[in-house]
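Breakdown of the fold
In case you want the letters, here they are:
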Amino acid sequence: MSTVTLRPGETPLSDLETIFRRQAPAMLDRACRSAVETAAGAIAAAAAGNEAIYGVNTGFGKLASVKIAPGDTETLQRNLILSHCCGVGDATPPAIARLMMALKLLSLGRGASGVRWELIELIEAMLARGVTPIVPAQGSVGASGDLAPLAHMTAVMIGEGEAEFDGKVMSGGKALAAVGLSPIVLGAKEGLALINGTQFSTAHALAGLFDAWRNARNAILTSCLTTDAIMGSTAPLQPEIHALRGHRGQIEVAAAMRAIMAGSEIRESHREGDARVQDPYCIRCQPQVVGACIDLLRVAAGTLRTEANAATDNPLVLAESGLIVSGGNFHAEPVAFAADQIALAIAEIGAIAQRRVALLVDPTLSFDLPPFLTPEPGLNSGYMIAEVTTAALMSENKHLANPCSTDSTPTSANQEDHVSMAAHGARRLHRMNANLSRILGVEMLCAVQGIAFRAPLNTSASLQQVIASVRTHIDALAQDRYLAPDLAKAAALIEGGTLADAAGADIAMEDAA
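Notes on the structure follow. Counting restarts for each chain: residues are numbered from 1 in the order of the written sequence. Side-chain atom pairs in this predicted model are given and counted only at pLDDT of 80 or more, local residue features only at pLDDT of at least 70, and totals for whole chains, interfaces and linings cover all residues. With hydrogens and water excluded, all non-hydrogen atoms of the structure serve as input to the side-chain values.

**Concerning the overall build of the chain**
To keep things clear, this is the line we draw: The numbering of helices and of strands both runs from the N terminus, where a helix is a DSSP run of H or I of at least 4 residues and a strand a run of E of at least 2. C-alpha atoms define the radius of gyration in this analysis, and the globule rule sets the expected value at 2.2 Å times the number of residues to the power 0.38. Contacts between residues were defined by any pair of non-hydrogen atoms, one from each residue, lying within 4.5 Å. The method behind every accessible area is Shrake-Rupley, applied with a 1.4 Å probe, and residues are considered shielded solely by the protein chains displayed.
The helix and strand tally for the chain stands at 20 helices and 9 strands. Since a compact globule built from 513 residues should have a radius of gyration of about 24 Å, the 26 Å found for the chain is in line with a globular shape. Expressed along its principal axes, the backbone C-alpha trace of the chain runs to roughly 90 × 50 × 45 Å. Counting contacts in the chain only where the partners sit at least 6 residues apart, residues at least 24 apart contribute 79% of the total. With an accessible surface of roughly 20300 Å², the chain has 55% of that area assigned to carbon and sulfur atoms.

This is the structure we're talking about:
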């Protein structure tokens, strides 16, 4: 697998998604090495001096007033890491842990952290050789950095903690030895540079963003299937309607839907003589709702791209002015806001999709499809309870979408008296996306079943291709059967993203550079 080259300050989200999806190795562009080493030299000089500089020759947090002797520098940094390894809960998924490590590389590569180049090379080697720290998911409040999670990452680098290698969990020292690496002894400020920062929260938020974007594209596809299944109108997709409002996402969703549904015999069959005047909002307003969600996801994407490329530890070396200054770039408020925005988009995409599922199973609204989409209603219940499941998932996501960024609590003896709660705000996105994938999977199953009842009329060529793909994995529902495996397979198809790709729901998250 090819290595992703990270350009500090300029790395696009597409490169970070490659690291996340494929667990690709990553390394910094060597053009940043000079700036990194200049900052390291400034820290080394400060450590040898007499002036008290936070984190270099002082204690941490509320203990910042305690001066540390030069001979204790290495012990100070080691103690910092060990004492901060206080994470609890399940291990962070390896793909997110690796993304977190890549984001730490980007932050250090800005040349403001003061770490030696050897430390960067160790992170790169761990990524390349498959040593992934075990990082407990809970313990960060998203200010003064993601301290506990990043401490667990750093513990492996000094031969402590636990790591996964070759599918096995072992001590950090053993994992490094297994791939021919040696633990590093942290120098002045290096432990602080590694655990101050928002990389844990940002990695989770990016993973949530990438999956939410994939779900949004799938929602465009499933809404097209449903529109044809209920013999809905495509008149609301006319480009002039959306141009008159002007929102980019809305315009793009409508255009994608027009293209996906083009040539549908089902649509052409009821252009004339259809007594219905308007479809329900879940059909008619799909571009407006999902388009708005796409616009919101793009806002979050912009925030997270900036954060991914940022220097977020403390203090920072300001090389041009020759200063080492304490600041607050570790505060993850931007990430918390982005996570809340992503959560809102996920919840709304699911809310409107669930109403389409309800539409499909209700014969009074589905334009004469059989109740619950079964050929023999009464004897069979069809997709009755699958719809109920989507309602449960939709409501769960609504609760999870309540903001996390509005919460705060003082910590560390009131030194850190306002925090972002970005970490769990971002972590919840995995659960929300999983719920949404299942809602969209059920919509897909119901819509594909519904379209079959419109035979001999065919849907569009694009949707016929999607239906054929679905049917290679999941049979039509002729008689009631054990449905849980069907729902799981449908969710997996949604999560894979290949159906949306094949149908042409190819809206880009980032503009081309």
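**Topic: a nonpolar patch on the surface**
The line we're drawing: To count toward a patch, a residue needs a relative accessible area above 30% and no salt bridge. Like charges then connect within 9 Å, nonpolar side chains (Val, Leu, Ile, Met, Phe, Trp, Tyr) within 5 Å. Salt bridges, as used here, are contacts in which a Lys or Arg side-chain nitrogen is within 4 Å of a carboxyl oxygen on Asp or Glu.
Together, L318, L323 and V325 make up an exposed nonpolar region whose accessible area comes to about 220 Å². Looking at where V325 falls in the secondary structure, it is placed in strand β9 (residues 323-325).

**Topic: the side chain of D340**
Note the threshold: Throughout, exposure labels follow a simple rule: accessible area from a 1.4 Å probe, protein chains only, divided by the maximum for the residue type, with under 20% read as buried, over 50% as exposed, and the rest as partly exposed.
Its location among the elements puts D340 in helix α15 (residues 333-361). Among the residues examined, D340 registers a relative accessible area of 6% and is labelled buried. Residues contacting D340, with those up to four places away along its chain left out, are P403, C404, S405 and R428.

**Some details on the sheet that holds strand β4 (residues 132-133)**
Put simply, the rule reads: Pairing between two strands requires that DSSP report at least two bridges joining them.
Taken in spatial order, the 3 strands make up an open sheet running β4-β6-β7, and their pairing is antiparallel. The open sheet terminates on both sides in strands that have one partner only, identified here as β4 and β7 (168-171). Where strand β6 (residues 162-165) meets β7, 4 bridges bridge the pair, whose relative direction is antiparallel. Bridge pairing links F165 to K168 in β7.

**Some details on the state of the cysteines**
For clarity, the cut-off: Throughout, a disulfide means two cysteine sulfur atoms within 2.5 Å of one another.
Under the counting rule described, the total for this entry stands at 0 disulfides. Free of any disulfide, C224 has its nearest cysteine sulfur in C282, 13 Å distant. Left without a disulfide partner, C282 is nearest to the cysteine sulfur of C285, which lies 9.0 Å away.

**Observations regarding the packing of aromatic side chains**
The line we're drawing: Note on ring pairs: Phe, Tyr and Trp rings are taken, using the six-membered ring of Trp, and paired if centres are within 6.5 Å. Classes follow the plane angle, with under 30 degrees stacked, over 60 edge-to-face and the rest tilted.
One pass over the structure, following the stated rule, counts 1 aromatic pair. Judged by centre distance (6.0 Å) and plane angle (35°), the ring pair of F20 and F210 falls under tilted. Of this pair, F20 sits in helix α1 (residues 13-22) while F210 sits in helix α9 (residues 199-229); the two residues are 190 residues apart in sequence, bridging distant segments of the chain. Across this residue pair, the class does not change: F20 and F210 are buried.

**What to know about α15**
Defined as follows: Multiplying 1.5 Å by the residue count of a helix minus one yields the expected span of that helix.
Counted at 1.5 Å a residue, the expected span for α15 with its 29 residues is 42 Å, and the 43 Å between its end C-alpha atoms agrees. Counting buried residues in α15 gives 23 out of 29 residues, a clear majority hidden from the surface.

**Describing the environment of E51**
Looking at where E51 falls in the secondary structure, it is placed in the loop between α2 (33-48) and α3 (73-84). A relative accessible area of 59% places E51 in the exposed class. C-alpha of E51 to C-alpha of I96: the two residues are 45 residues apart in sequence and 39 Å apart in space. In this structure, E51 is in contact with N57 and K67, ignoring residues within four places of it in sequence.

**Brief notes about α2**
For clarity, the threshold we go by: In this description, one arc is meant: the one made by directions from the helix axis to the C-beta atoms.
Along its 16 residues, α2 runs 23 Å from first to last C-alpha, staying within 8% of the 22 Å computed at 1.5 Å per residue. Considered for burial, the residues of α2 that qualify are V36, A39, A40, I43, A46 and A47. Looking down the long axis of α2, one finds its buried residues gathered within 120° of arc, a one-sided arrangement. Exposed and facing more than 90 degrees away from the buried side of α2 are S34, A45 and A48. Contacts from the buried residues of α2 go to α4 (94-108), α5 (117-129), β8 (316-318) and β9.

**A closer look at the nonpolar core**
Threshold: The nonpolar core is taken to be a set of buried Ala, Val, Leu, Ile, Met, Phe, Trp, Tyr and Cys residues, with the residues joined through side-chain atoms within 4.5 Å.
In this structure, L6, L16, L206, I220 and L225 are the most contacted members of the largest nonpolar core, which totals 152 residues. Ranked by the residues each element gives to this core, the list is headed by α15, at 17 residues. For L206, the residues in contact, after removing those within four places along its chain, are L13, L16, L99, L103, L304 and A308. I43, A46, A188 and V317 belong to the second largest nonpolar core, which has 8 residues in total.

**Considerations on the pattern of salt bridges**
For the structure shown, the criterion picks out 17 salt bridges. Of the charged contacts in the structure, one is a salt bridge between R248 and E252, with a shortest N-O distance of 3.1 Å. Within this pair, R248 and its partner E252 are both found in helix α11 (residues 248-261), separated by 4 residues, close to a single helical turn. Residue R248 is classed as partly exposed on the basis of its relative accessible area, which comes to 35%. The shortest N-O distance in the salt bridge between E396 and R431 comes to 2.9 Å. Taken together, the positions of E396 in helix α16 (residues 384-400) and R431 in helix α17 (residues 422-452) put the pair 35 residues apart, joining distant regions of the chain. Among the ionic contacts, a cluster of salt bridges with common partners joins R248, E252, R298 and D511.

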